Amino acid sequence: MIRYESVTKIFGSGQEAVAAVDDVTFDIEKGDVVAFLGPSGCGKTTLLRLTNRLIPLTRGRIIINDRDIMSVDAVKLRQSMGYAIQAIGLFPNKTIYQNIATVPNLLSWEEERIEKRVNELLIMLQLDPDVFKDRYPVELSGGQQQRVGVARCLAADPEIVLMDEPFGAIDPINREEIQNEFLRIQGNLKKTIAFVTHDIHEAIKVGDKIAIFQGGKLIQYDTPEIILTRPKNKYIADFVGADRALKVLGLLRTKDAMNTKPRNIIQSSTDARKVLEFMTDHGFKHCIVMEGDKPLGYVTPKSLKHKNGLVRDVTEPHPKLIRKYDTLRDVMSSMLMHDEYVLCVVGDTGDFIGTITMNDIQRSILNVYTEEEK
Amino acid sequence: MHVIEYITTHKELCWRLTLEHIWIVALALFLSIIIGVPIGIAITRNEQAAKKVINTANILMTIPSIALFGILLPILSLINQGLGKVPAVIALVLYSQLPIIRNTYTAITNVPPELVEAGRGLGMNNWKRLKEIEIPLAVPVIIAGLRTAAVMSIGIAAIAAYIGAGGLGVLIQQGIARVYEEMIIAGALFVSLLAIFVDGGFALLERLLTPKGIRIGRELSR
């Protein structure tokens with residue numbers, strides 16, 4: 001756990017003194033990822049650098065696991081934490097192996113243990129140890145270097161990791177991928193992570209909580225849901241954007257919005273005319289056709305009109321099948337792209353588990369907002 | 001080709017003077033490294049000191065060598081070393097300081113800041129960073145400074161013959177005194193050849209001591 005108590009950092013003195021971090025108090029719980037968010041110059045990076053004493057505190061205290069950081073030797077303190085920066089800073093004169101082994105070497109681990117650990121990390125970050133171990137940083141792509149940077153900061157298995165825009169230097173497509181990987185790894189490792197970013201999307205995606213700064217002050221410290229639905233003031237509302245309802249979609253998963261017991265379902269072996277009858281009786285405009293437990297496609301009254309034989313033959317396949325953990329943002333995007341407002345949700349084996357409609361999505365957003373208001 | 005005739009008939013002398021020349025330059029270079037490299041590294045921690053030191057070295061460089069020998073003469077006479085190899089080596093050490101200190105300083109300060117930041121953040125102390133990152137990356141540029149210093153010293157050492165330091169300058173000086181053209185040319189030839197060899201040697205050393213990761217990067221960007 002990291003506890004910030006009235007942390008203040010003043011640069012310069014006298015008339016030119018500027019409070020880069022101004023009386024900031026909050027806790028980062030063990031195992032949480034906290035995104036430090038804000039525009040440049042808001043103090044987020046300064047706060048991070050105060051945490052491992054790269055710059056000295058002016059006032060206040062930072063307490064890590066019940067110990068004031070000022071009571072620990074600065075070099076030892078840094079060795080006990082992971083540190084990754086936007087510029088990556090891999091040592092060009094060292095191989096990938098030696099780069100990752102930096103902190104274990106400083107801690108004088110045995111060679112065998114270091115080797116095991118480096119291999120483990122490379123595999124975890126999906127870099128083949130046999131291919132990459134003896135290469136030099138210049139031989140790697142930006143994304144690969146970024147991964148090595150992450151591996152290096154995790155090398156000695158620190159409990160606390162400080163990351164300063166660690167994925168800032170990669171292109172958007174690779175960034176998305178490495179963020180997903182980061183979340184997957186963090187899901188297993190459960191490190192306590194302070195993560196500086198200026199990208200609201202990244203903050204929402206990786207943060208268990210978000211700390212938003214302005215002019216050195218902590219303005220709001222909450223979960224992404226609350227920040228999006230209940231911004232504390234206009235600054236934060238502006239910062240998270242007018243489209244914050246859309247951003248909420250990135251937080252919600254299909255499983256929370258889907259309809260698990262839709263009634264507009266028929267088996268593919270039913271007669272087409274009976275289906276049309278069934279649909280007009282119930283006023284359905286859309287019907288899911290099932291082949292056993294798997295969704296085959298859908299029919300509409302229009303596609304059934306004047307058709308004989310089994311419904312299977314007139315069924316149109318779904319353009320896309322949705323998974324339980326897809327975000328509503330992705331679902332809605334699929335809907336808009338395919339001009340199709342009812343989609344089937346399937347499990348890992350492809351079995352039908354429900355449907356999701358534009359209405360379901362709308363309702364779940366409204367739910368989030370009304371819940372917050374209560 | 002009277003020059004070749006001169007050389008073949010005075011083989012022993014030429015060889016002895018060449019070795020003497022190498023000895024003076026090598027000793028001076030060795031002392032210059034011991035003094036210049038640590039100074040170059042030390043001043044990277046203090047910008048004010050760096051300016052002063054580099055300015056001083058710059059001024060030293062502008063003193064003509066003959067004048068410097070003249071200045072050293074009365075000072076070193078106090079310890080009875082006004083003439084000979086001692087003032088020669090001291091002068092060469094003084095001249096070599098500028099290229100060595102400046103290159104060392106520039107090389108270390110040019111190490112990309114993100115490497116220093118990463119090193120600090122990971123918990124490397126000053127000494128570790130210097131040893132494992134800053135110096136290895138600076139080595140090629142430091143060697144380039146030594147190269148300049150060495151080549152320059154070979155030339156200046158020839159002038160030191162006037163204060164009785166010996167070396168290949170003897171051939172030139174006596175050749176002039178005796179109006180003995182072949183002797184002058186032989187001396188000049190040996191000095192030039194020596195300079196060319198040493199220059200090539202340092203160029204090779206520079207390449208060999210460039211960290212592999214940097215060399216690969218250069219080849220890739222070609």
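Preceding block: the structure.
The rules behind each value
- Residue numbers run consecutively from 1 along every chain, following the written order of its sequence.
- To read the labels, note that chains go from A and ligands from 1, taken in the order they are written.
- Per-residue local features of the predicted model are confined to residues with pLDDT of at least 70, and side-chain atom pairs are confined, for both listing and counting, to 80 or more; whole-chain, interface and lining totals are unaffected and use all residues.
- Hydrogens are left out, water is left out, and the side-chain values use all remaining heavy atoms of the structure.
- Numbering goes from the N terminus for both helices and strands, where a helix is a DSSP run of H or I of at least four residues and a strand is a run of E of at least two.
- Taken over C-alpha atoms, the radius of gyration is set against a globule rule of 2.2 Å times the number of residues to the power 0.38.
- Relative accessibility thresholds used throughout: buried, under 20% of the residue-type maximum; exposed, over 50%; partly exposed, between the two (1.4 Å probe, protein chains only).
- Residue contacts are counted whenever heavy atoms from the two residues lie within 4.5 Å of one another.
- Calculation of accessible area relied on Shrake-Rupley with a 1.4 Å probe; when residues are assessed, cover is drawn exclusively from the protein chains displayed.
- Counted charges follow a simple rule, with Lys and Arg positive, Asp and Glu negative, and His plus the chain ends left uncounted.
- Where a charge lies is defined by one atom per residue type, namely NZ (Lys), CZ (Arg), CG (Asp) and CD (Glu).
- The term nonpolar core refers to a set of buried residues drawn from Ala, Val, Leu, Ile, Met, Phe, Trp, Tyr and Cys, joined through side-chain atoms within 4.5 Å.
- Aromatic pairing here means that ring centres of Phe, Tyr or Trp (its six-membered ring) are within 6.5 Å. Orientation follows from the plane angle: under 30 degrees is stacked, over 60 is edge-to-face, and everything else is tilted.
- We define buried area as the total accessible area lost by two parts upon association, computed with a 1.4 Å probe and summed across both.
- By definition, a salt bridge exists where a carboxyl oxygen of Asp or Glu is found within 4 Å of a side-chain nitrogen of Lys or Arg.
- Pairs of N or O atoms within 3.5 Å make up the polar contacts considered here, provided that, within protein, one atom can donate a hydrogen while the other can accept it, and that residues adjacent in sequence are counted only when both atoms are side-chain atoms.

Regarding the overall build of chain A
Within chain A, the secondary structure is distributed over 17 helices and 16 strands. In summary, chain A has a C-alpha radius of gyration of 26 Å against a globular reference of 21 Å for 374 residues, an excess of more than 25%. Over its C-alpha atoms, taken along the principal directions, chain A stretches across nearly 85 × 50 × 35 Å. In chain A, which comprises 374 residues, the proportion classed as buried is 52%. For chain A, contacts bridging at least 24 residues in sequence account for 61% of all contacts bridging at least 6. Summing over all exposed atoms, chain A offers an accessible surface of approximately 17900 Å²; the carbon and sulfur share of this is 48%. Both charge centroids of chain A, one from 49 positive and one from 52 negative side chains, sit 2 Å from each other.

A few points about the nonpolar core
Grouped together as the largest cluster of nonpolar side chains are 75 residues, with contacts concentrated most on Phe26(A), Phe36(A) and Leu47(A). Setting aside its immediate chain neighbours within four residues, Phe36(A) contacts Tyr4(A), Phe26(A), Ile28(A), Lys44(A), Leu47(A), Leu48(A), Ala194(A), Phe195(A), Val196(A), Thr197(A), Ala211(A) and Phe213(A). Residues Ile24(B), Ala161(B), Leu168(B) and Ala195(B) belong to the second largest nonpolar core, which totals 34 residues.

Looking at the packing of aromatic side chains
Residues and elements named next belong to chain A. Counting across every chain of the model gives 12 aromatic pairs over all chains. Considering the side-chain rings of tyrosine 4 and phenylalanine 36, the 6.5 Å spacing of their centres and the 70° angle between planes classify their relative orientation as edge-to-face. In this pair, tyrosine 4 is assigned in strand 1 (residues 2–11) and phenylalanine 36 in strand 3 (residues 33–37), connecting sequence segments 32 residues apart. By relative accessible area, phenylalanine 36 is classed as buried at 0%. Within the aromatic cluster, the residues linked to one another by ring pairs are Tyr4, Phe26, Phe36, Phe213 and Tyr221.

With respect to the interface of chain B and chain A
Residue-level contacts link 23 residues of chain B with 24 residues of chain A. Around 2000 Å² of area is buried between chain B and chain A when both sides are counted, 68% of it from carbon and sulfur atoms. Among the residues chain B hides against chain A, the three largest losses belong to Glu117(B), Arg120(B) and Leu122(B). Together they make up 31% of the total. The tally of links between chain B and chain A comes to 2 salt bridges. Summed over the shared surface of chain B and chain A, the number is 6 residue pairs in polar contact (both at pLDDT 80 or more). Elements with a contribution of two residues or more to the side of chain B that touches chain A: helix 6 (113–121), helix 7 (126–159) and helix 10 (212–221) of chain B.

Things to note about unusual backbone geometry
All names here are of chain A. A positive phi is found at glutamate 165, a non-glycine position, where the angle reads about 40°. Positive phi is not limited to glycine here, since lysine 190 has a value of about 55°. The residue lysine 190 is located in the loop between helix 8 (172–189) and strand 8 (192–197) in this model. Its relative accessible area of 52% is what places lysine 190 among the exposed residues.

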